[in-house]
Structure formats: C-alpha cells, structure tokens
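Observations on the three-dimensional arrangement
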Protein chains: 2
Amino acid sequence: MRVGFLIFPEFTQLDMTGAQEVFSRMPDTEVLLLWKSREAVSSDGGMHILPNGTLEDCPHLDLICVPGGPGIGALLEDEQVLRFLRERGRRAQYVTSVCTGSLVLAAAGLLQGYRATTHWLSKELLSLCGAIPSAGRVVVDRNRVTGAGVTSGIDMALRVASLAYGDDMAREIQLRLEYCPEPPFACGHPDTAPAEIVERVKGSMAEVIEERRTLLSRAAQRLPAG
Amino acid sequence: MRVGFLIFPEFTQLDMTGAQEVFSRMPDTEVLLLWKSREAVSSDGGMHILPNGTLEDCPHLDLICVPGGPGIGALLEDEQVLRFLRERGRRAQYVTSVCTGSLVLAAAGLLQGYRATTHWLSKELLSLCGAIPSAGRVVVDRNRVTGAGVTSGIDMALRVASLAYGDDMAREIQLRLEYCPEPPFACGHPDTAPAEIVERVKGSMAEVIEERRTLLSRAAQRLPAG
C-alpha cells in the first residue's frame, strides 16, 4: 500500500502526523509526504518538514490523505493541486482527509454526493461543493473517509487501518500507540465546551471562515454539475 | 515561555508532534526542536523534520520535553545529550516527556525520587534510575510531567498548558484541536486489550526491552547516589 499525504505551507502538522504515525505502522506500507518541491514545508505552528516526493514525480497512490490548516485557503484556488487530487483521487482505493483537508477534497470535486465531515468551525461549508455534512468524528461513505478537527486524524487512520487490514491489525497499532486518551476537560467539541469559549474561538476565526466561504463558492462554479 | 523538544534519529514523531501542536498554541510561546545539528532528523516512521536549534546554541529553556522511540537506546549512553538535559532540566520550570522519553530523563538523573510514567512496555525500567513508576496516563510530580505511550503527548501537553496558563487556556486549545477522541477499540492499554495482542506486541519488543534494561543499569551506575 502506498499512502500519499499532501503537505503545504501553513498546514496543521498534527492533522497529518497523527495519521502518519498510524499508516506508517501498517504492514508493507510506504508513506509519502508530497508537495510541489522537496524544500521544507512549514506548518502553521512553525515545524519544518521535508517532503519525500513531489506532485510531479509521484507514483500511483493507493491512499490519499489531505490534512487541513490555515494554508488551505491558497489550495482552494490552486489548479495544480486540485487537478492532482482529482486525478489521483479517482484511482485511489481510499480518499481521506483530516480537519479542513476535506474542504480541499470538496473543491477538487471528490466529495460531490458523499457524506463527509471537517473541523467543527467549517462544517457547513462542505455543502458549498456538494458534500453532505454529516455527524460523526470519522465519516465513512464508500471509499471516502473524512475526519473532524485536528486530533481526529488518529481515529480516522485507525478506522482506515481496520478497513484495509482488519480489526486485529488496527487493534495492535492502537496498543502500540497506547491510544487510550484522557482529555483533561469535556471541551473538545462545541456541544460540550462552555459557550463563552466556543464564542471566543468562533470570533477569532470568523474572517477566515468567510474567506473560505467565498473560495469554496468559486470552486463550486468550476465543478461539473453534481 | 520557550519550549525545547529534544529530537533525535529514530524518535517516534507523534510523541513530539502531539505535544508540539498544543505548546505552539500557548500564548507568547516559542517552540524549538533541538538536536546536535540542523540537518534533518528522521523519525522511526521515516518522517524528516528539521531542527530549528542545536544543543550547543540553545538559549534558556522554560520547558523541556523529551519524546521517545527506538532511538532512545543511543541517547542512554550519549554524554553530550545527558549533560544537556541535566543542566537545562535543573533550571527549567517544567521537565516533561512522552513515552520512553522519560527513560532518557531518568538516565540523565532528572527523575531520582520522582513519580513518573512511560510507554507500558517499558514501565518497570523507570525504577532502574531511581524513578517511581506510577499509575496514570499523565503523572505530575512537582515540576516533572511525564506521559505514557505515544498518543499521551496530547494529554500531557494540555495538562502542562493548564498548569502554566490556567484551565481556560487549555480548554480553548482543546476545543481548537477538536480533542474529543473516539478510539475505535478498547485496545489502547494492556489492561483492556486482548491477551493475544498484548503478547504479540510484547514478543516483538522483548529484545529491545532487554537492551534498554542493560543501558539503564549502566546509566544508573553513573548517577550520584539518589
């Protein structure tokens, strides 16, 4: 199995690294981190990661994964990236995302008529490009597997590992990663977090969300009628 | 607040990246990834990350974090690394680890008489260098904060964020990261995983654990009487 993550300037590294840690432990699996060149890519939190493949020299991918982050804004209008995802996504066994990576899949036309999720702040935007925003931390619809915000990458990738290699392989990886999480607060989702904190986060992101709405509306006009 | 992660060849990237994603969202916080040079460091899963500081040119650190992984074997006998941790650890406000990173802290003499934890496979080894292996996914003893295996880095870092900046700041970060995990199986800890899977993982790691036992016993002989 060959797995390819798209990485890009200002992506959220944990969207990718949580899933990478799971996928890299699947048997006979090669994991590629792909961008336009092999120069280091900087995450939104200032981590520098080296791609080990490029969009141009990339071999066939069995699994595609798109992480999210503030940098998706540029991708939503990047024809090279959207064409790469569209072409590779149509031939891949699994098309996956974490966080706002699903907005990029949607802009590439890969989620038309598919149930999907994304980071809670951006969830309603999914429908602009024909996806069906759906409940669940990990949403599986045929071969599209989308995860909610950032930390869902671990849950999403374990789900894919169980689909691709069976439950026992996913269980073994989960045990090796000692994945029995204990979040300190009941605050990981807007339904359980204090309203004041939800409003503060929403307020800080309002402009970004509006910008994404504009970009996704434009992307929708370029897609064939769903 | 200046945070320094030690990174090293064959470290487990999610040990570091889970915590990095949290720490990099704390207010006025700089996060350094430190190694002997600024050349790319490869994780055990083949991810290449660029350090943004070196052990030699590193400024004062308020928080030290040591991730784990197969590469810790070499660190347990690396006097430059152990001296760096010992000197910086004594002056830091918080001394933290994820997974088997705590074995490196222990070998540096930073856990003598402290309660601590590590990856479940290595837990009993902590006592070889005078630490007190303790229950809990995150163990806080004075300013030492140690996490269990790999994925505990997120829990550990949120705990530190709440200690350093208060519960509301940690809650906000938790909500931004949509950290309401849903592990697919009750299999993240040897107490809940099927015995057969626990034995398979133990068997595959038996030699590594014995090698660590030898290295930690040697490290203990170099420590001052606890």
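Now for a description of the structure that goes with this document. (Residues numbered from 1 in each chain as written. Chains lettered and ligands numbered in written order. Predicted model: local features only at pLDDT ≥ 70, side-chain atom pairs only at ≥ 80, totals over all residues. Heavy atoms only, no water.)

Turning our eyes to something else, we now look at the interface of chain B and chain A. Contact residues are listed per partner, giving 61 residues for chain B and 61 residues for chain A. Taken as a group, L175, E178 and F185 of chain B account for 15% of the area that chain B buries against chain A, more than any other trio of residues on that side. Viewed at the interface, chain A and chain B are joined by 4 salt bridges. Close ionic contact of R200 of chain A with E172 of chain B constitutes a salt bridge, the shortest N to O distance being 2.5 Å. Going through the elements one at a time, α1 (13-23), β4 (48-50), α5 (152-165), α6 (167-176) and α7 (195-222) of chain B are the ones with two or more residues in the side of chain B that touches chain A. Top element by residues in the side of chain B that touches chain A is α6 of chain B. It accounts for 8 residues. In terms of residue class, the side of chain B that touches chain A is built from 29 nonpolar, 18 polar and 14 charged. Pairing of strand β4 (residues 48-50) of chain A with β4 of chain B, which is carried by 3 bridges, proceeds in the antiparallel orientation. Pairing of H48 of chain A across the sheet is with L50 of chain B, part of β4 of chain B. (Contact = heavy atoms within 4.5 Å. Buried area = accessible area lost by both parts, 1.4 Å probe. Salt bridge = Lys/Arg side-chain N within 4 Å of Asp/Glu carboxyl O. Helix = DSSP H or I, 4+ residues; strand = E, 2+ residues; numbered from the N terminus. Nonpolar A, V, L, I, M, F, W, Y, C, P; charged D, E, K, R; others polar. Pairing = 2+ DSSP bridges.)

All names here are of chain A. Within this structure, the stated rule accounts for 32 salt bridges over all chains. Residue R213 is joined to E124 by a salt bridge in which the shortest nitrogen-to-oxygen separation is 2.9 Å. Linking R213 in helix α7 (residues 195-222) with E124 in the loop between β8 (115-116) and β9 (132-133), this pair joins segments that are 89 residues apart in sequence. Using a relative accessible area of 26% as the deciding quantity, one classes R213 as partly exposed. The class of E124 is partly exposed, set by a relative accessible area of 46%. Salt-bridge contacts for E196 lead to R200; the nearest nitrogen and oxygen are separated by 3.5 Å. You can see E196 and its partner R200 sitting in helix α7, 4 residues apart, about one turn around the helix. Take R200: its relative accessible area is 33%, and that puts it in the partly exposed class. (Buried < 20%, exposed > 50% of the residue type's maximum accessible area, 1.4 Å probe, protein only.)

This paragraph deals with the packing of aromatic side chains. Taken as a whole, this structure holds 4 aromatic pairs over all chains when the rule is applied. Ring geometry for F5 of chain A and F23 of chain A: centres 5.9 Å apart, planes at 40 degrees, overall tilted. Linking F5 of chain A in strand β1 (residues 2-6) with F23 of chain A in helix α1 (residues 13-23), this pair joins segments that are 18 residues apart in sequence. A cation over a ring is seen here: R142 of chain B above Y114 of chain B, with NZ or CZ 4.0 Å from the ring centre. Its end group placed over the ring of Y114 of chain B, R144 of chain B keeps NZ or CZ at 4.2 Å from the ring centre. (Phe/Tyr/Trp six-rings, centres within 6.5 Å; stacked < 30°, edge-to-face > 60°. Lys NZ or Arg CZ within 6 Å of the ring centre and 35° of its normal.)

Time to look at the side chain of S152 of chain B. All names here are of chain B. Structurally, the position occupied by S152 is in helix α5. By relative accessible area, S152 is classed as buried at 0%. Sequence-distant contacts of S152, defined by excluding residues within four places in its chain, comprise V98, R137 and G147.

All names here are of chain B. Of note in the backbone geometry, D28 takes a positive phi value of approximately 45 degrees without being a glycine. The residue D28 is located in the loop between α1 and β2 (30-35) in this model. Note on D28: relative accessible area 75%, which makes it exposed.

This paragraph deals with the layout of surface pockets. The space that makes up the largest pocket amounts to roughly 460 Å³. Lining the largest pocket are 23 residues, with D44, P70 and M205 of chain A together with R25 and R176 of chain B sitting closest to its centre. Looking at which element gives the most residues to the lining of the largest pocket, the answer is α7 of chain A, with 5 residues. A breakdown of the residues in the lining of the largest pocket according to their chemical character gives 10 nonpolar, 7 polar and 6 charged. (1 Å grid on protein atoms, 1.4 Å probe; cavity = no way out; pocket = protein on both sides within 12 Å on 5 of 7 lines; lining within 4 Å. Points joined across faces, edges and corners; volume = space filled by probe spheres on them.)

Attention now moves to the relation of the copies chain B and chain A. Between chain B and chain A, the superposition needs a rotation of 180 degrees and an axial shift of 0.0 Å, giving an RMSD of 0.0 Å. The transformation just described matches what one would write down for a two-fold rotation axis. For chain B, the residue whose C-alpha comes nearest the rotation axis is I49 of chain B, separated from it by 2.3 Å. The share of interface residues of chain B whose copies in chain A are also at the interface is 98%, consistent with both copies meeting through the same surface. (Least-squares fit on C-alpha atoms with pLDDT ≥ 70 in both.)

In this section: the nonpolar core. In terms of nonpolar packing, the biggest core is built from 161 residues, with F5, F23 and L85 of chain A together with F5, F23 and L85 of chain B touching the most fellow members. In terms of residues, this core owes the most to one element, α7 of chain B, which gives 8 residues. Excluding residues that lie within four positions of it along the chain, F23 of chain A makes contacts with V3, F5, T29, V31, L63, M156, A157 and V160 of chain A. (Core = buried A, V, L, I, M, F, W, Y, C linked by side-chain atoms within 4.5 Å.)

Bringing α1 of chain B into the picture now. Of all 11 residues in α1 of chain B, 11 are buried; the element is thus mostly enclosed. All of the buried residues in α1 of chain B are Q13, L14, D15, M16, T17, G18, A19, Q20, E21, V22 and F23 of chain B.

The subject of this paragraph is the environment of L128 of chain A. Residue and element names in this part refer to chain A. Mapped onto the elements of the fold, L128 is located in the loop between β8 and β9. Placed 25 residues apart in sequence, L128 and L103 show a C-alpha to C-alpha distance of 9.4 Å. Those residues in contact with L128 that lie beyond four places of it in its chain are R213, L216, S217 and A220.

For the rest of this paragraph, the subject is empty space enclosed by the protein. One pass over the structure, following the stated rule, counts 1 cavity of 30 Å³ or more. Computed from the structure, the largest cavity encloses a volume of approximately 30 Å³. Around the largest cavity sit Q20, V31, L33, L50 and N52 of chain A together with G45, G46, M47 and H48 of chain B, which together line it. For the lining of the largest cavity, a count of residues per class yields 4 nonpolar, 5 polar and no charged.

Residues in a regular strand point their side chains to alternate faces of the sheet. Residues and elements named next belong to chain B. Extensive coverage of β2 is indicated by the burial of 5 of its 6 residues. Note that strand β1 (residues 2-6) and β2 share 5 bridges and pair parallel. Bridge pairing in β2 links R2 to E30. Note that the unit made of β1, α1 and β2 has a crossover that is right-handed. Direction of pairing for β2 relative to strand β5 (residues 53-54): parallel, over a ladder of 2 bridges. Each bridged residue has a counterpart across the sheet, and for L34 the counterpart in β5 is G53. (Right-handed = clockwise from strand over helix to strand, strands pointing away.)

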